[in-house]
Amino acid sequence: MEQAPRDPERQLQPAPLEPLGCPDAGLGAAVGKEAAGAGEEDSGVDTMTHNNFWLKKIEISVSEAEKRTGRNAMNMQETYTAYLIETRSVEHTDGQSVLTDSLWRRYSEFELLRNYLLVYYPHIVVPPLPEKRAEFVWHKLSADNMDPDFVERRRIGLENFLLRIASHPILCRDKIFYLFLTQEGNWKETVNETGFQLKADSRLKALNATFRVKNPDKRFTDLKHYSDELQSVISHLLRVRARVADRLYGVYKVHGNYGRVFSEWSAIEKEMGDGLQSAGHHMDVYASSIDDILEDEEHYADQLKEYLFYAEALRAVCRKHELMQYDLEMAAQDLASKKQQCEELATGTVRTFSLKGMTTKLFGQETPEQREARIKVLEEQINEGEQQLKSKNLEGREFVKNAWADIKLCSHADQYVQKGNSSLDQC
Amino acid sequence: MAGGPKALPSTGPHSLRDMPHPLAGSSSEEAVGGDSTPSPDLLMARSFGDKDLILPNGGTPAGTSSPASSSSLLNRLQLDDDIDGETRDLFVIVDDPKKHVCTMETYITYRITTKSTRVEFDLPEYSVRRRYQDFDWLRSKLEESQPTHLIPPLPEKFVVKGVVDRFSEEFVETRRKALDKFLKRITDHPVLSFNEHFNVFLTAKDLNAYKKQGIALLTRMGESVKHVTGGYKLRTRPLEFAAIGDYLDTFALKLGTIDRIAQRIIKEEIEYLVELREYGPVYSTWSALEGELAEPLEGVSACIGNCSTALEELTDDMTEDFLPVLREYILYSDSMKSVLKKRDQVQAEYEAKLEAVALRKEDRPKVPADVEKCQDRMECFNADLKADMERWQNNKRQDFRQLLMGMADKNIQYYEKCLMAWESIIPLLQEKQEAK
């Protein structure tokens, strides 16, 4: 069950598609599906299809990338890459897939979708996008966003993103997500109309600001620490890996210099000539082999980056808990002080120093009517406060329950095997 | 002196103990006198012993220094009928470097062990200690006394103090190998190996006494030496010697380039190594954060560590085995070019004297004796030089074949070590996957 809907519009079933075998009620069911849902974050359509209802019904692929030119918000010419998203529904009977939707989206639209999901599902670890700009580059050339290799790796990353959302028991039912796949024009306006930007907690942007929280859920605090450390170690790993790749490139390329000199040397030799010529040729081949090797390694780096971004997403959820808990505690504190004020007014005793108390002393006591009025206001506020506190408490508890379930969904350790295998190729 | 004996055959990398008795049958002779090239890693081996004793054209001398085996060696050699009509009868080894600390200086000496059946040697075996200066002295004497021949190069005399440690194991070992090569090349030479200075170098208990005595020798030889360095200028170098000169110029140039590239590669590899040494441990740090993943991550870290070690071994090998040979051949080329110049001098002198006689317009039926002597000297020089060039070319081919194959082998070994390291953690990762 999702959070108490503040905005009834955003929570809709994707009508034209088949009824989901997916849990439609109760978080308990969703948690229960953990076993079925687990392991879905792997890349590749194959591992996803056989475990999840949703993907049995439809297939999503980001099949192509195209360079486009257009005008941006400031009416300036720009070049960007658009990606083709194709959605297919699979017929039960013969397993054939039929293309139901096909549209083009650019990276910024994916970003918009994700930002929306982050706001509306704060307790969900939202799958990460591939990086916006090429980071941890090992060679100056790779920093180009238009580089075909970069575009290809991004295409794969975007596909994984969509597949992971589609396989998530809660996110898959979001209407905006559905529209992202089906409604090319006007989608941006639709998203913006939800007003999600206003709901976004700006405090989330201040990553390192500390909020003194007295009773956070220890699991979340620990998880936040873990995700911080994981981010730190993976960033370090990626940085060093980039330097390693750079140096390795240098080693191979310098060997290429042998090619020419061996060839020149072979010209003055009789018996040795052929051998030297051949040696020179092989040095050239060796030197050029590094390009493919390092390109393959980029895929490994991409997987590490996925871990990095997932850790970020995880941290965000922990952070939201922290903020929620903070708000809760602040509200409770506020309520307590209001109650006290009310009591003081009612009984006429001033136990604590207050501005009101001072002014009363200086300027004389207020009239009983005024006092009554103030007591009434305070009582109303107290009531409100208590209500708020109750709902916040409820919210907080719901959040913790949902988030924890979702975190469980994400945690699996078998991605590292893929990582290990690709490391072998680098050897 | 013209022509000279042919180049000694390669006997292959067999220990003499493994060789069948010469009288056992004709097939055994092939085993002894075959033309097999020794496997490259023998040249690169660092342990002392048989493996070190590869001569430029591939032969090996006697194995150990025990009297029993050397006498059996001599027996075999006396009865042996070599294919080319030549018998290897002189073996020299340079080993056992030792540091000597004296009040005035500290220096290294090397043990020179000689085994020979030649009549020029009083004893069948000698063992003496020599330092670099002595080698340097020997080379100068050879240059003086055998000006028509190509004298092998010595490793560089001067090292920049502070940059290179003259007493480090690596430096001493590199030098020892080069000195050993130097003596073996002389040993292989049909003329140089019979040089009396060489004999004294190998046998004398007190070389310094002989050196002092040698100054007197020098004055007697002074005349002929002066002749060689007379100030005549040659108009044109004959085609074949010009070709040799051009060849040596280009050859040295190319080797110089290869040397620079190799140095650059080593530098890049070292920088790569530095990064690798930081990379591996990060996996360990990560593994400390994890539960189930801890073991595989630690495994990856260890694996990278192994690859780093393998790379370090490769760069050491390249520095110690590959670069010195390149430099040696560059020095060789330089000294050979000087010999070519000396030859030019001799020819120039002859032509000048001949011209002088022609200009005199005397009706002498025969050419004066000193002009004839000049002609003789020139023709001998030419013949010696040509023979030495051919020998040098053969040896050079062998040496470079070994060198380049050795380099290839070292690289292959490096990759094999890395492959092994990564393959060893596959089971660790797979087992984890199956557990899931």
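Quick caveat: nothing in here was measured; it's all calculated off a predicted structure.

Chemist: I keep staring at empty space enclosed by the protein and nothing clicks. Help me out?
Modeler: Using a probe with the size of a water molecule, rolled over the atoms, empty space left in the structure can be pinpointed. Residue and element names in this part refer to chain B. Taken as a whole, this structure holds 15 cavities of 30 Å³ or more when the rule is applied. Estimated volume of the second largest cavity: approximately 140 Å³. Considering the residues around the second largest cavity, the lining is formed by L150, P152, R185, D188, H189, L192, Y329, Y332, D388, R391, W392 and N395. For the lining of the second largest cavity, the secondary structure elements donating two or more residues are α5 (169-188), α9 (294-360) and α10 (369-435).

Chemist: How should the pattern of salt bridges be read in this particular structure?
Modeler: If the charged atoms of two oppositely charged side chains come close together, the side chains can form a pair. Counted according to the given criterion, the structure contains 57 salt bridges over all chains. Measuring nitrogen to oxygen at the nearest pair gives 3.5 Å for the salt bridge that ties B:E268 to B:R264. Linking B:E268 with B:R264, this pair stays in helix α8 (residues 239-289), spanning 4 residues, or about one helical turn. We note a salt bridge from B:D388 to B:R391, for which the minimum N-O separation is 2.7 Å. Of this pair, B:D388 and B:R391 both sit in helix α10, 3 residues apart, roughly one helical turn. Here B:D388 falls in the buried class, since its relative accessible area comes to 4%. In this structure B:R391 comes out as buried when scored by relative accessible area, which is 11%. Each of A:R153, A:R241, A:E295, A:E297, A:E298 and A:D302 takes part in one network of salt bridges that share partners.

Chemist: Would you take a moment to explain the nonpolar core for this structure?
Modeler: Formed by 89 residues in total, the largest nonpolar core has its most connected members in A:Y258, B:F322 and B:W392. Among the elements of the structure, α10 (218-268) and α11 (273-347) of chain A together with α8, α9 and α10 of chain B are those that each provide at least two residues to this core. Ranked by residue count, the leading element in this core is α9(B), at 21 residues. Not counting residues within four places of it along the chain, the set of residues in contact with B:F322 comprises A:Y258, B:I258, B:A262, B:D317, B:L403, B:L404 and B:M407.

Chemist: Mind showing me how you'd approach the domain arrangement of chain B here?
Modeler: How big an interface is tends to be stated in terms of accessible area lost as the parts join. Residues and elements named next belong to chain B. Considered domain by domain, chain B is made up of domain 1 (88-216) and domain 2 (235-430). Computed from C-alpha atoms alone, the centre-to-centre distance between domain 1 and domain 2 is 22 Å. Taken together, the contact between domain 1 and domain 2 spans 18 residues of the former and 19 residues of the latter. A combined buried area of about 1,700 Å² lies between domain 1 and domain 2, and 56% of that area is made up of carbon and sulfur atoms.

Chemist: For this particular structure, what's the right way to read the interface of chain A and chain B?
Modeler: Contact with chain A, which involves 42 residues of that partner, is made by 45 residues of chain B. With both sides pooled, the region where chain A packs onto chain B buries about 4,300 Å², and carbon together with sulfur makes up 74% of that total. The interface formed by chain A and chain B contains 6 salt bridges. Ionic pairing is found between B:E278 and A:R243, a salt bridge with its closest N-O pair at 2.8 Å. For the pair chain A and chain B, the number of links is 12 residue pairs in polar contact (both at pLDDT 80 or more). Secondary structure elements with two or more residues in the side of chain A that touches chain B: α10, α11 and α14 (415-426) of chain A. No other element matches α10(A), which puts 25 residues into the side of chain A that touches chain B. Class assignment of the residues belonging to the side of chain A that touches chain B gives a composition of 26 nonpolar, 7 polar and 9 charged.

Chemist: Is there a simple way to explain the environment of B:E416 in this structure?
Modeler: Residues and elements named next belong to chain B. Mapped onto the elements, E416 comes out in helix α10. Its relative accessible area of 49% is what places E416 among the partly exposed residues. Along the primary structure E416 and Q133 are separated by 283 residues, whereas in three dimensions their C-alpha atoms are 42 Å apart.

Chemist: In this structure, what is going on with the sheet that holds strand β1 (residues 58-71) of chain A? I would like to understand it.
Modeler: Sheet strands pair by backbone hydrogen bonding; their relative direction is either parallel or antiparallel. Residues and elements named next belong to chain A. Read from one edge to the other, the open sheet built from 3 strands follows the order β1-β2-β3, with strand pairing classed as antiparallel. What marks the edges here is a single partner per strand, and that holds for β1 and β3 (97-106). Each adjacent strand pair in this sheet contributes to an overall mean axis angle of 20 degrees, direction not counted. Sitting on the sheet, helix α6 (residues 148-166) touches β1 and β2 (77-90), and the angle it makes with β1 is about 135 degrees.

Chemist: I would appreciate a short explanation of the confidence of the model for chain B in the present structure.
Modeler: Predicted coordinates in regions of low pLDDT should not be interpreted in detail. Residue and element names in this part refer to chain B. Of all residues in chain B, 73% have pLDDT values of 70 or greater, and the mean over the chain is 78. Note on residues 1-85: pLDDT is under 50 here. Beyond four places in sequence and across chains, it has 151 contacts. As a predicted assembly, this complex carries a pTM of 0.71 together with an ipTM value of 0.73.

Chemist: What should I look at first to understand α5(B) in this one?
Modeler: Residues lying three or four places apart along an α-helix face the same way, a consequence of the helix completing one turn every 3.6 residues. Across its 20 residues, α5(B) extends 28 Å between first and last C-alpha, which sits within 8% of the 28 Å expected from 1.5 Å per residue. Across the 20 residues that make up α5(B), a large majority, 17, are buried.

Chemist: Would you mind going over the environment of B:L403 with me for this structure?
Modeler: All names here are of chain B. Residue placement: L403 occurs in helix α10. With a relative accessible area of 0%, L403 lands in the buried category. Linking L403 and I330, residues 73 residues apart in sequence, is a C-alpha distance of 15 Å.

Chemist: So what exactly am I meant to see when it comes to the pairing of strand β2 (residues 106-116) of chain B here?
Modeler: Side-chain direction in a regular strand flips from residue to residue, so the side chains alternate between the two faces of the sheet. Residue and element names in this part refer to chain B. For β2, the buried fraction is high: 9 of the 11 residues fall into the buried class. Two strands pair when backbone bridges link them, and strand β1 (residues 90-101) and β2 are joined in this way by 10 bridges, in the antiparallel orientation. Across the sheet, K98 pairs through a bridge with T109, a residue of β2. Counting the residues that bridge the hairpin from β1 to β2 gives 4 residues. When β2 meets strand β3 (residues 125-131), the two strands line up antiparallel, connected through 7 bridges. Residue pairing in the sheet places T109 in a bridge with R131 of β3.

Chemist: Explanation requested: the packing of α6(A) against helix α7 (residues 175-182) of chain A in the structure shown.
Modeler: Residues and elements named next belong to chain A. Between α6 and α7, the shortest axis-to-axis distance is 11 Å and the interhelical angle comes to 140 degrees. Judged on the interaxial angle alone, α7 and α6 are oblique. Like other packed secondary-structure pairs, α6 and α7 cross with a definite hand, here left-handed. In contact with L162, I165 and A166 of α6, α7 contributes F177, F180 and L181. Residues of the contact of α6 with α7, tallied by class, amount to 6 nonpolar, no polar and no charged.

Conventions we followed
Residues numbered from 1 in each chain as written. Chains lettered and ligands numbered in written order. Predicted model: local features only at pLDDT ≥ 70, side-chain atom pairs only at ≥ 80, totals over all residues. Heavy atoms only, no water. 1 Å grid on protein atoms, 1.4 Å probe; cavity = no way out; pocket = protein on both sides within 12 Å on 5 of 7 lines; lining within 4 Å. Points joined across faces, edges and corners; volume = space filled by probe spheres on them. Helix = DSSP H or I, 4+ residues; strand = E, 2+ residues; numbered from the N terminus. Salt bridge = Lys/Arg side-chain N within 4 Å of Asp/Glu carboxyl O. Buried < 20%, exposed > 50% of the residue type's maximum accessible area, 1.4 Å probe, protein only. Core = buried A, V, L, I, M, F, W, Y, C linked by side-chain atoms within 4.5 Å. Contact = heavy atoms within 4.5 Å. Domains from an automatic or database assignment. Buried area = accessible area lost by both parts, 1.4 Å probe. Polar contact = N/O pair within 3.5 Å; in protein donor to acceptor, adjacent residues only side chain to side chain. Nonpolar A, V, L, I, M, F, W, Y, C, P; charged D, E, K, R; others polar. Pairing = 2+ DSSP bridges. Axes fitted to C-alpha atoms, helices over the stretch in contact; angles between N-to-C directions. pLDDT = per-residue confidence, 0-100. Expected span 1.5 Å × (residues − 1). Parallel < 35°, antiparallel > 145°, perpendicular 65-115°, else oblique. Left-handed = near helix turned anticlockwise from the far one by under 90°.

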